[in-house]
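# Secondary and tertiary structure notes
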Amino acid sequence: MESRNRLLLLTAVCVGTLMLSGCASFRWPWHKDKVEETPTEAEAAEEEAEDQDVTPPRVIEPNVARRKIKTPKIDNENWEFGVGLGFMSIEDFGTSSTYAAQLNYHVTEDFFFRIDAGQSTAGETSFETIGGDVELLTGDERRFTYYSLSLGYNFLPGEVYLGRNLAMNSGFYLMGGIGSVDFAGDNHLAINLGAGYRVLPTDWLAIHIGVMDRVFDSDLLGETKVTNNIETLLSATVFF
């Protein structure tokens, strides 16, 4: 009995000592409870911010060479003036050189008016060449002088490329109108019909290649007939 009492007393002392020394956190092997630490609000906000800042990595890095685009600068003036040289095929009198002056007024992007004046000199007819000393016209009467007013229409705008780095604006146009022709000592009412092609090397300069048919009635060779006098002209104009 004495031995049992000593054993109980020692057990009680040991248990009390463990409780006083903070052994309450002691876990027996069969104890399965887990203690989880609760994060603070600051730590939770920091973790959420890190999750939002993380962006997925790019699989392929783009390597695109940007092309430089040069916007064409075209003078916005409406008036255009120039001069030209070419050839005039005067019916029954051969082909001779001609020169002319042109004044254009652009009403809209598509339509424009042209006033032009030019002069050429008629050659000899086949009858004069065969006849020898036969002359149908004097020197002054051989001057072919014309004045006309035409309405033009621009169509088929485009570009002309010279090499890889030079492109010039271009376009075709049609024209039609009325005019006056002084030839063979007489003044004739003429109808002019034609077309042209224009190229702009700069914003103020234009190069034209045009063909115009100046049609009028003539009775110079004894009978009245409609004559076609075709002019081919290369001209340069400036905007102002």
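Anything mentioned here points back to the structure above.
A brief structural summary. This one's a predicted model, so the numbers in the text were calculated from it and none came from an experiment. (Residues numbered from 1 in each chain as written. Predicted model: local features only at pLDDT ≥ 70, side-chain atom pairs only at ≥ 80, totals over all residues. Heavy atoms only, no water.)

Regarding its fold elements, the chain presents 3 helices and 8 strands. In the chain, the succession of α and β elements from N to C terminus is α-α-β-β-β-α-β-β-β-β-β. Within the chain, the fraction of its 240 residues that count as buried is 26%. Considering only contacts within the chain whose residues lie at least 6 apart along the sequence, 57% involve residues at least 24 apart. Approximately 17800 Å² of the chain is accessible, and the part contributed by carbon and sulfur atoms is 60%. (Helix = DSSP H or I, 4+ residues; strand = E, 2+ residues; numbered from the N terminus. Buried < 20%, exposed > 50% of the residue type's maximum accessible area, 1.4 Å probe, protein only. Contact = heavy atoms within 4.5 Å. Areas by Shrake-Rupley, 256 points an atom, 1.4 Å probe, with all protein chains shown as cover.)

Next up on the list: the pairing of strand β6 (residues 186–200). Where strand β5 (residues 166–183) and β6 come together, 15 bridges link them in antiparallel fashion. Counterpart to Asn169 in the pairing with β6 is Leu200. Counted between consecutive antiparallel strands, the loop separating β5 from β6 contains 2 residues, among which Ala184 sits at a positive phi close to 60°. Where β6 and strand β7 (residues 205–218) come together, 9 bridges link them in antiparallel fashion. If you follow Ala195 over to β7, its bridge partner there is Val211. Between the antiparallel neighbours β6 and β7 lie 4 residues. (Pairing = 2+ DSSP bridges.)

Here the focus is the sheet that holds strand β1 (residues 79–89). Spatial strand order, β1-β2-β3-β4-β5-β6-β7-β8: 8 strands in a closed barrel with antiparallel pairing. On average, each strand axis in the sheet is tilted by 25° relative to the strand beside it, whichever way the strands run. Relative to strand β4 (residues 143–162), strand β3 (residues 111–121) runs antiparallel, the two sharing 11 bridges. From the neighbouring strand, Ser120 faces β4, where its bridge partner is Phe144. (Axes fitted to C-alpha atoms, helices over the stretch in contact; angles between N-to-C directions.)

This paragraph deals with the packing of aromatic side chains. Counted by the stated rule, this structure contains 9 aromatic pairs. On the numbers, 5.4 Å between centres and 85° between planes, the contact of Phe93 with Phe183 is edge-to-face. Of the two residues, Phe93 is situated in the loop between β1 and β2 (95–106) and Phe183 in strand β5; the sequence distance between them amounts to 90 residues. Given the relative accessible area of 3%, Phe93 is considered buried. Each ring, one from Phe155 and one from Phe172, has its centre 6.3 Å from the other, and the planes form 40°; the classification is tilted. You can see Phe155 sitting in strand β4 and its partner Phe172 sitting in strand β5, a full 17 residues away along the chain. Since its relative accessible area comes to 38%, Phe172 is described here as partly exposed. Through a chain of ring-to-ring contacts, the aromatic side chains of Phe111, Tyr153, Phe155, Phe172 and Tyr197 assemble into a single cluster. Geometry around Tyr146 places Arg214 over its ring, the cationic atom sitting 3.6 Å from the centre. (Phe/Tyr/Trp six-rings, centres within 6.5 Å; stacked < 30°, edge-to-face > 60°. Lys NZ or Arg CZ within 6 Å of the ring centre and 35° of its normal.)

The next point concerns the pattern of salt bridges. In this structure the tally under the stated criterion is 5 salt bridges. A salt bridge links Arg214 to Asp116; the nearest nitrogen and oxygen atoms lie 3.2 Å apart. Separated by 98 residues along the polypeptide, Arg214 in strand β7 and Asp116 in strand β3 bring together distant segments of the chain. Of the two residues examined, Arg214 and Asp116, each falls in the buried class. (Salt bridge = Lys/Arg side-chain N within 4 Å of Asp/Glu carboxyl O.)

Relative to the assigned elements, Ala184 resides in the loop between β5 and β6. Since its relative accessible area comes to 19%, Ala184 is described here as buried. Excluding anything up to four places from it in sequence, Ala184 contacts Leu137, Glu141 and Leu220.

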